[in-house]
Amino acid sequence: CPLELLLFSDDDTICQGECVNISSIVNGGDSASYQYSWINSTSNGSAITVCPSFTTTYLLNVSDNGPASQIVDSITIVVNTPPTAQSSIDICQTDTPVNLIASPSGGIWSGTGIISTNGTFSARGLPPGSYDANYEFSGCSDITTVNVLEIHSGADISACTNAPIFNLNSINTTPGGIWSGCTCIQQNGNIDVGGIPSTINAIYTLPNGCLDTLNVS
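Only a predicted model underlies this, so the values are computations on that prediction, with no experimental measurement involved. (Residues numbered from 1 in each chain as written. Predicted model: local features only at pLDDT ≥ 70, side-chain atom pairs only at ≥ 80, totals over all residues. Heavy atoms only, no water.)

Participant: Please explain the sheet that holds strand β3 (residues 20-27) as it appears in this structure.
Facilitator: Whenever strands of a sheet pair, they do so through backbone hydrogen bonds, lying parallel or antiparallel. Taken together, three strands build an open sheet; the order of strands is β1-β3-β5 and the sheet is antiparallel. Pairing within the sheet leaves two strands with one partner each, and these edge strands are β1 (4-9) and β5 (47-50). Within this sheet the neighbouring strands show an average axis-to-axis angle of 20°, counted without direction. In this sheet, β3 lies alongside β1 in antiparallel orientation, the contact comprising six bridges. Bridging from a neighbouring strand, Leu5 pairs with Val26 of β3. (Pairing = 2+ DSSP bridges. Helix = DSSP H or I, 4+ residues; strand = E, 2+ residues; numbered from the N terminus. Axes fitted to C-alpha atoms, helices over the stretch in contact; angles between N-to-C directions.)

Participant: What is the right way to look at the side chain of Ser122 in this model?
Facilitator: Within the element layout of this structure, Ser122 appears in the loop between β14 (120-121) and β15 (129-137). Residues within four places of Ser122 in sequence aside, it is in contact with Pro97, Gly113 and Ile115. (Contact = heavy atoms within 4.5 Å.)

Participant: How should I be thinking about a nonpolar patch on the surface in this particular structure?
Facilitator: Taken together, the side chains of Leu6, Phe8 and Ile25 define a hydrophobic patch exposed on the protein surface, amounting to about 270 Å² of accessible area. Counting through the fold element by element, Phe8 comes out in strand β1. Given a relative accessible area of 37%, Phe8 falls into the partly exposed group. (Patch = residues over 30% accessible without salt bridge, like charges linked within 9 Å, V, L, I, M, F, W, Y side chains within 5 Å. Areas by Shrake-Rupley, 256 points an atom, 1.4 Å probe, with all protein chains shown as cover. Salt bridge = Lys/Arg side-chain N within 4 Å of Asp/Glu carboxyl O. Buried < 20%, exposed > 50% of the residue type's maximum accessible area, 1.4 Å probe, protein only.)

Participant: Looking at this model, I keep getting lost on unusual backbone geometry. Mind explaining?
Facilitator: Backbone phi values are negative for most residues with the exception of glycine, while trans is the configuration of most peptide bonds. In the segment running from Ser103 into Pro104, the intervening peptide bond is cis, with an omega of -5°. Tracing the backbone through its elements, the reader meets Pro104 in the loop between β11 (102-103) and β12 (108-110). Despite not being glycine, Asn40 shows a phi value in the positive range, around 75°. In this fold, Asn40 is placed in the loop between β4 (35-39) and β5. Positive phi values are uncommon outside glycine, yet Ser138 reaches one of about 55°. Looking at the element boundaries, Ser138 is found in the loop between β15 and β16 (140-149). According to the relative accessible area criterion, Ser138 is partly exposed, its value standing at 47%.

Participant: Help me understand the sheet that holds β16, please; the structure alone is not making it clear to me.
Facilitator: Reading across the sheet, the four strands line up as β9-β16-β15-β12 and stay open at both edges, with mixed pairing between neighbours. Looking at the sheet topology across the chains shown, the edges are occupied by β9 (89-92) and β12. On average, each strand axis in the sheet is inclined to that of its neighbour by 30°, with strand direction left out of account. In terms of strand pairing, β12 meets β15 through three bridges, oriented antiparallel. If you follow Trp109 over to β15, its bridge partner there is Tyr135.

Participant: Just to check I follow, could you spell out the packing of aromatic side chains for this structure?
Facilitator: The description of an aromatic ring pair rests on the distance of the ring centres and on the angle between the ring planes. Under the defined criterion, the tally for this structure stands at four aromatic pairs. Consider the rings of Phe121 and Tyr131, whose centres lie 6.5 Å apart with planes at 55°: the pair is tilted. Of the two residues, Phe121 sits in strand β14 while Tyr131 sits in strand β15, which places them 10 residues apart along the sequence. Note on Phe121: relative accessible area 0%, which makes it buried. Consider the rings of Trp179 and Tyr204, whose centres lie 4.7 Å apart with planes at 45°: the pair is tilted. Pair noted here: Trp179 is in strand β18 (residues 178-180) and Tyr204 is in strand β20 (residues 200-205), with a separation of 25 residues, a long-range link. Pair check on accessibility: Trp179 and Tyr204 agree, each one buried. (Phe/Tyr/Trp six-rings, centres within 6.5 Å; stacked < 30°, edge-to-face > 60°.)

Structure representation (structure tokens):
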């Protein structure tokens, strides 16, 4: 019987750096004497594992010791170049949402803090820490890290007019910052609300530039 050969793979499209298994099914001829010769591989078995860095066609030549003619089949493994996500960034818990960047454009972002698949990241409501944002394009992906920096001024405060000087800091205030907002506020957080009813916007700023506000009314 003539030889019949079929090549197949786990996946015919991969990303650079990935590997794939290529297998063969052979029928006919003298099955006890099948001989395998691959092009673009040094293997002499019926299956190979390859990790091409660019799109590559693999050919398998199968022969036997019988009268059947040798047979050849081929399979092409398409290799896509992974996208490149931007470098990691630091943002404050109170910052406005930022748009992450990757090349080529047109892919999909995902991960904690991602509020839009086009790459908008919001730190609002997130605990401080590092968050991985995944960018996928044509089945390949890259990751960037967003470091969310802690900043919390504390809750808004109600105070009576002509109240004695008091301090804005609380157990919830992120340590290490200074206060500002008006001449009635000292850098250490002492505030004199005065005798005129008003709402005072107190600004708390850390050395890393993160800031938060609270209202004294």
